[in-house]
Amino acid sequence: MEEESSPETCRLVFEKEGVYLHTNAKRANQDTTIPGFIRIVERGGEPALEWSPLEEARGRAPAVFYTKKDGDGGEEETNFDPGYEPDWAVISTVKKTREHPPVRETGQWGPFSLPLSELHSLRRARFSLGRNFLVLTSRGGHPLPPLHFHRGGTMELLRALQRYIILAPSPVDGRLFLAYPHDSGALSQSFDELQLFDDGSSDLVSRFIQDPYATTLGGFSKVTNFFRGALRPPESPLRSHPPLDTHGTPLADDEPGFELITCGAELGPRPQVSRGPPLGQWEEFLDTDGRVRDPHKVKEMIFRGGISPSLRKEVWKFLLGFYPWTSTAREREDIVRVKTDEYFRMKVQWKSVSEEQEMRNSLLRGYRSLIERDVSRTDRHNKFFSGSENPGLALLHDVLMTYCMYNFDLGYVQGMSDLLSPILFVTQNEVESFWCLTGFMELVHQNFEESQEAMKQQLLQLSVLLKAIDPELCDYLDSQDSGSLCFCFRWLLIWFKREFSFEDILMLWEVMWTGLPCSNFHLLIACAILESQRGELIGSEHDFNTILKHINELTMKLDLQALLCAAEGIFLQLDTCKELPAKVREVLGMCEPRRMSGGAREQMSSQLQYPAAPPRLPPVCSEVPQCLIPRSV
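Fair warning: this is a prediction, and the values are worked out from it, not measured in the lab.

K.L.:
Describe the overall build of the chain, listing the residues and the values that go with them.
P.N.:
For the chain, the helix and strand inventory stands at 23 helices and 12 strands. Put simply, the chain has 633 residues, and 56% of those count as buried. A separation threshold of at least 6 residues defines the contact pool for the chain, and within that pool the share at least 24 residues apart is 70%. With an accessible surface of roughly 27,800 Å², the chain has 50% of that area assigned to carbon and sulfur atoms.

Next up, the structure:
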């Protein structure tokens, strides 16, 4: 937006609400977020990037100005938190309006203003609650307070900035973008450093200066993806809207050499898939030595119908790697003996720590505190964990504490108790549940790492799949600032543990543990859930908050069997598309040898029916859940 305000001295060029500063709650007993506006303002002809809190939205100009560091020194903000939040929680419902502490004129939470001529770099930092934040650095080397975009808008900010500066990706850090003035010499030098062009033509530079967005995304097919990462917001990696030039005009769709990753192929009808009976016999799959004859067939049966409850205790130990599929009965006895000794050696390590020692071990003390807090509220509705003196709670606590000894690097992160409780419920054995947990964590441990890179990657992969499957739904979510799919964060983090009933989770997990029909089947489950809600979302009056609320209201009201059929149908539909983009095939692992045996796939195909149109799941509704999973540092 543009409006005139004191034309002689100040002109408002761009404004975006919902940009927050996150404070460090550990250093002050105050709120952790401060809402505000980000603006681009021309003052005396010089553009500046400014942030001011909501309370001062229409008040005076920011009091703190960042200037280039010189001999006299510049004003510095040294007390602001660097942006890595002390706690995070998976989004559960719409954030309630809260009172915010007063903003200081200078110091920790002051507003700021930075002339764009003094902007040195812009870093696209890690995901935070499924959202991005930006860290700006001045040419004097001073980092500004991180800007958290709770309602999206990074794309609009980048476009507005391009009126005054050029953002070029750093050759050594893919998330860092260097700011250059509209100067051909500086830009040519940056191209040389990045080695993006073979010919070094000055015409390329002049075209870029005249229309950087059009030239980058239109004419240079070799660097399309490279620059799109800089100029498109991470929460909308496959935005379908036509890109705009610096004047806000849509670019032509027929630009030569433009390589945009979209499906672009007819997927064909979606197969009708049916579920099968659960695995009900186990002995018939074992030879005389107790070795599983055909592990692949067993996995296919589990994928098709799950496992009978009476067999889960035994079969889960194979699925989670406690028992090798090729092991004999005698070898499994040896494994239990060795693993039992190993477990209790680790358990005694933390059991033998005295209170005095623990007082000087803040890491162990922190893990114990988190575990005790989580154990007291994990699946208490289940009889195995209900009551204050339930032995199941003690086992849950001891296994998690021992895992901290097993994996010092990761330790305990809140949410891991959700992964252990179904395993402990099924095995009802401390040692077996521990080693099954380690097998499960081998699959998902990256979800809990501080960088959250794995979660970011999965959300991007989910966007790729949804764009291929239902581009209309993807476009709608993108138009409502929901293209980041941040409301799916909890689904992927703990594999839908809070979305389905306890009994449904037992079946869902054993199905996904088979690795069929692809290792990212959980992303297809997420696509099936989103697609089931398309009728409720598209054409409605939903915005970001109401979409978030609606998705979270699906908890405990989802039909697992229908979603499993839909997810498998999606995979088969994509698998039969001959012109499927490479990115989609990569997400689904279709470049690797097919995991299902030929006979099983033949049998599956013979059972399939092909309706005239892809089936849609009916919308579901529920009460708003209260599911928060905080994470410690």
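Right, picking up where we left off after that structure.
K.L.:
Residue-level account of the packing of aromatic side chains, with values.
P.N.:
Considering all chains together, one arrives at 22 aromatic pairs under this definition. Here the aromatic rings of Phe 318 and Trp 325 are separated by 5.3 Å at their centres, their planes lie at 40°, and the arrangement is tilted. A ring pair is formed by Phe 440 and Trp 509, whose centres lie 5.0 Å apart and whose planes are at 70°; its orientation type is edge-to-face. Taken together, the positions of Phe 440 in helix α13 (residues 430–444) and Trp 509 in helix α17 (residues 502–513) put the pair 69 residues apart, joining distant regions of the chain. Since its relative accessible area comes to 0%, Phe 440 is described here as buried. A network of ring pairs unites the aromatic residues Tyr 343, Phe 344, Tyr 403, Tyr 406, Phe 434 and Trp 435 as a single cluster. Across the ring face of Tyr 323, the terminal group of Arg 332 is positioned such that the distance to the ring centre comes to 5.7 Å. A cation over a ring is seen here: Lys 339 above Trp 435, with NZ or CZ 4.1 Å from the ring centre.

K.L.:
Describe the nonpolar core, listing the residues and the values that go with them.
P.N.:
Residues Trp 282, Phe 448, Leu 465, Phe 496, Leu 508, Phe 521 and Leu 574 are the most contacted members of the largest nonpolar core, which totals 124 residues. Not counting chain neighbours up to four residues away, the residues in contact with Leu 508 comprise Trp 495, Phe 496, Phe 500, Ile 525, Leu 560 and Leu 564.

K.L.:
Lay out the packing of helix α10 (residues 362–375) against helix α11 (residues 391–406) with the relevant residues and their values.
P.N.:
Interaxial distance between α10 and α11 falls to 10 Å at its minimum, and their mutual angle equals 150°. By the angle between their axes, α10 is roughly antiparallel relative to α11. At the point where α10 passes α11, the crossing takes the right-handed sense. Across the interface between the two elements, Leu 364, Tyr 367, Arg 368, Ile 371, Glu 372 and Val 375 from α10 touch Leu 393, Leu 396, His 397, Leu 400, Met 401, Cys 404 and Met 405 from α11. When its residues are assigned to classes, the contact of α10 with α11 shows 10 nonpolar, 1 polar and 2 charged.

K.L.:
Break down helix α12 (residues 416–427) for me, with residues and values.
P.N.:
With 12 residues, α12 extends 17 Å from end C-alpha to end C-alpha; this agrees with the ideal 16 Å at 1.5 Å per step. Taken across its 12 residues, α12 has 11 buried, putting it largely inside the fold. Residues of α12 that are buried: Met 416, Ser 417, Asp 418, Leu 419, Leu 420, Ser 421, Pro 422, Ile 423, Leu 424, Val 426 and Thr 427. As for α12, its buried residues are in contact with α7 (309–319), α10, α11, α13 and α17. A positive backbone phi angle near 50° is found at Gln 428, which sits one or two residues after α12.

K.L.:
Can you break down the pairing of strand β2 (residues 10–22) residue by residue, with the values?
P.N.:
Among the 13 residues that make up β2, 11 are buried, leaving the element largely enclosed by the rest of the structure. Across 11 bridges, the pairing between β2 and strand β3 (residues 33–43) is antiparallel. Bridging across to β3, Val 19 finds its partner in Gly 36. Note: β2 against strand β9 (residues 147–149), 2 bridges, orientation antiparallel. For Val 19, the partnering residue across the bridge sits in β9 and is Phe 149.

K.L.:
Outline the environment of Glu 579, listing residues and values.
P.N.:
Residue position: Glu 579 is located in the loop between α21 (560–575) and α22 (582–587). Overall, Glu 579 belongs to the exposed group, its relative accessible area being 60%. Between the alpha carbons of Glu 579 and Leu 267 there is a distance of 8.7 Å; along the sequence they are 312 residues apart.

K.L.:
Any chance you could break down α11 for me, citing the residues and the numbers?
P.N.:
Counted at 1.5 Å a residue, the expected span for α11 with its 16 residues is 22 Å, and the 23 Å between its end C-alpha atoms agrees. The inward-facing, buried residues of α11 contact α8 (329–351), α10, α12 and α13. For α11, the capping residue at the N-terminal end is Asn 390, with a side-chain oxygen 2.8 Å from the backbone nitrogen of Gly 392.

K.L.:
Any chance you could break down the pattern of salt bridges for me, citing the residues and the numbers?
P.N.:
Tallied over the full model, the rule gives 26 salt bridges. The partner of Asp 287 in a salt bridge is Arg 291, with the nearest N and O atoms 3.3 Å apart. Given a relative accessible area of 24%, Asp 287 falls into the partly exposed group. Glu 568 is the partner of Arg 304 in a salt bridge, and the nearest nitrogen-oxygen pair spans 2.8 Å.

K.L.:
Before we move on, can you summarise the confidence of the model for the chain with the specific residues and values?
P.N.:
Per-residue pLDDT for the chain has a mean of 75; in total, 66% of the residues score no lower than 70. Of the regions scoring below 50 in pLDDT, residues 3–7 engages in 5 contacts with residues more than four places distant in sequence or in other chains. The model gives residues 593–633 a pLDDT under 50, and that stretch makes 113 contacts with residues more than four places away or in other chains.

K.L.:
Any details on the packing of α8 against α13? Residues and values, ideally.
P.N.:
The N-to-C vectors of α8 and α13 enclose an angle of 85°; their axes lie 10 Å apart at closest approach. One way to sum up the angle between α8 and α13 is to call them roughly perpendicular. Contacts between α8 and α13 involve Lys 339, Thr 340, Glu 342, Tyr 343, Phe 344, Met 346 and Lys 347 from the former and Glu 430, Val 431, Phe 434 and Trp 435 from the latter. Of the residues in the contact of α8 with α13, the class split is 6 nonpolar, 1 polar and 4 charged.

K.L.:
Requested: an account of unusual backbone geometry, with residues and values cited.
P.N.:
Only a minority of non-glycine residues have a phi that is not negative, and only a minority of peptide bonds are not trans. Across the junction of Leu 516 and Pro 517, the peptide omega takes the value -10°, indicating a cis bond. By the element assignment, Pro 517 lies in the loop between α17 and α18 (521–532). A positive phi angle, close to 50°, is found at Asp 379, a residue other than glycine. The residue Asp 379 is located in the loop between α10 and α11 in this model. Of the residues examined, Asp 379 reaches a relative accessible area of 9% and is grouped as buried. Although it is not a glycine, Gln 452 adopts a positive phi angle of roughly 60°. Considering the arrangement of structural elements, one finds Gln 452 in the loop between α13 and α14 (453–469).

K.L.:
Tell me what's going on with the environment of Leu 286, and back it up with residues and numbers.
P.N.:
With respect to the secondary-structure elements, Leu 286 resides in the loop between α5 (224–231) and α6 (295–305). Given the relative accessible area of 11%, Leu 286 is considered buried. Taking the C-alpha atoms as reference, Leu 286 lies 9.1 Å from Thr 328; in sequence the two are 42 residues apart. In this structure, Leu 286 is in contact with Arg 291, Val 292 and Arg 293, ignoring residues within four places of it in sequence.

About the thresholds
- Counting restarts for each chain: residues are numbered from 1 in the order of the written sequence.
- Local features are withheld for residues below a pLDDT of 70 in this predicted model, meaning they are given only at 70 or higher, and side-chain atom pairs are given and counted only at 80 or more; totals for whole chains, interfaces and linings count all residues.
- Excluded from the side-chain calculation are hydrogens and water; included are all heavy atoms of the structure.
- Going along the chain from the N terminus, every DSSP run of H or I of four or more residues is numbered as a helix, and every run of E of two or more is numbered as a strand.
- In this scheme, a residue with accessible area under 20% of its type's maximum is buried, one over 50% is exposed, and one in between is partly exposed, where area comes from a 1.4 Å probe on protein chains only.
- Contact between two residues is taken to exist if any of their heavy atoms lie within 4.5 Å; hydrogens are not considered.
- Accessibility throughout is a Shrake-Rupley quantity obtained with a 1.4 Å probe, and a residue counts as covered only by protein chains that appear here.
- Any two rings among Phe, Tyr and Trp, with Trp reduced to its six-membered ring, count as a pair given centres within 6.5 Å; such a pair is stacked if its planes are under 30 degrees apart, edge-to-face if over 60, and tilted if neither.
- Two conditions define a charge located above a ring, namely a distance within 6 Å from the ring centre to NZ of Lys or CZ of Arg, and an angle within 35 degrees of the ring normal.
- The criterion is simple. A nonpolar core is a set of buried Ala, Val, Leu, Ile, Met, Phe, Trp, Tyr and Cys residues joined through side-chain atoms within 4.5 Å.
- A fitted line through C-alpha atoms serves as each axis, taken over the contacting stretch for helices, and the angle formed by two N-to-C directions is quoted from 0 to 180°.
- For classification, angles of less than 35 degrees are called roughly parallel, those exceeding 145 degrees roughly antiparallel, those between 65 and 115 degrees roughly perpendicular, and all remaining angles oblique.
- By definition, turning the near helix anticlockwise from the far helix through less than a right angle yields a left-handed crossing, and turning it clockwise yields a right-handed one.
- Basically, the charged four are Asp, Glu, Lys and Arg, the nonpolar ten are Ala, Val, Leu, Ile, Met, Phe, Trp, Tyr, Cys and Pro, and anything else, Gly included, counts as polar.
- Given a helix with a known number of residues, its expected span is that number minus one, times 1.5 Å.
- When DSSP finds at least two bridges between two strands, those strands are taken to pair.
- Within 3.5 Å is the distance limit for a polar contact, defined as a pair of N or O atoms, with the added protein rule that one can donate a hydrogen and the other accept it, and that residues adjacent in sequence qualify only through two side-chain atoms.
- The rule for a salt bridge is simple: a side-chain nitrogen of Lys or Arg has to be within 4 Å of a carboxyl oxygen of Asp or Glu.
- Here pLDDT means the predictor's own confidence in every residue, given as a number from 0 to 100.

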